[in-house]
Amino acid sequence: MSPSVLARVAFAAIGAIILAAAAASPGALARARISPPGIHVDVEPLRANAGEPTASWVAQALPGALAQNLAGRMASANVSVRVDYLTLGPNSGGIGPAGSSIDTIQGVATINGVETPVRATNSYYPSPVDQTMIESSNRDRVTQLSQVLAHWVAQDAAR
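Residues numbered from 1 in each chain as written. Predicted model: local features only at pLDDT ≥ 70, side-chain atom pairs only at ≥ 80, totals over all residues. Heavy atoms only, no water.

A. Representation of the pattern of salt bridges in the model. The final tally for this structure, using the stated rule, is four salt bridges. Between Glu52 and Arg47 there is a salt bridge, and its shortest N-O distance comes to 2.5 Å. Classification of Glu52 as partly exposed rests on a relative accessible area of 42%. With relative accessibility at 29%, the residue Arg47 sits in the partly exposed group. One salt bridge in this structure joins Arg141 and Asp103, with 2.6 Å as the shortest N-O distance. On the criterion of sequence distance, the pair formed by Arg141 in helix α6 (residues 134–158) and Asp103 in strand β3 (residues 101–111) is long-range, its members being 38 residues apart. (Salt bridge = Lys/Arg side-chain N within 4 Å of Asp/Glu carboxyl O. Buried < 20%, exposed > 50% of the residue type's maximum accessible area, 1.4 Å probe, protein only. Helix = DSSP H or I, 4+ residues; strand = E, 2+ residues; numbered from the N terminus.)

What follows is the structure, encoded as structure tokens:
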């Protein structure tokens, strides 16, 4: 083979690797992560109430958000969160401030054996782009709700 053919083959292989990495969905990367020690998330009640893909999105986002929010607060906390319900407000806007929709998530957090009901809300401000990419928008909203819930669970854990 000539050097130019070898160079083209090498560039094609590198390009294929780059494309494969770019095409890997964030969900696939999130599923590959191991849940942090001492943190457990149960989305089975949510799966029964809201279905898929919502339950999987929470299962992917919440463990990491909990670990991030608990870091430095409690060295050896055992935290379990059961997510029962998640409701997204209208994609077109709602009755919240500046026409926002209110998204909610609720369940029960068990921190070192003590159960506490938890609930978090977040405001969603609709964007024209979101209307063409509803699934992506909804996933972002679920991720944001998971982060807000993790913040409040960490606040409870620090008490």
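B. Structural view of the sheet that holds strand β1 (residues 39–42). Across the sheet, which stays open at both edges, the four strands sit in the order β1-β2-β3-β4 with mixed pairing between neighbours. Each having just a single partner strand, β1 and β4 (114–124) make up the two edges of the open sheet. Adjacent strand axes in the sheet meet at a mean angle of 25° when their direction is disregarded. Two elements, strand β2 (residues 79–87) and β3, share eight bridges in a ladder whose sense is antiparallel. Bridge pairing in β3 links Arg82 to Val108. (Pairing = 2+ DSSP bridges. Axes fitted to C-alpha atoms, helices over the stretch in contact; angles between N-to-C directions.)

C. Geometry of the pairing of β1. Taking every second residue as pointing to the same face, the buried face of β1 carries Ile39 and Val41, while none of His40 and Asp42 on the other face is buried. Pairing between β1 and β2: four bridges, direction parallel. Its bridge partner being in β2, Ile39 is matched across the sheet by Val79.

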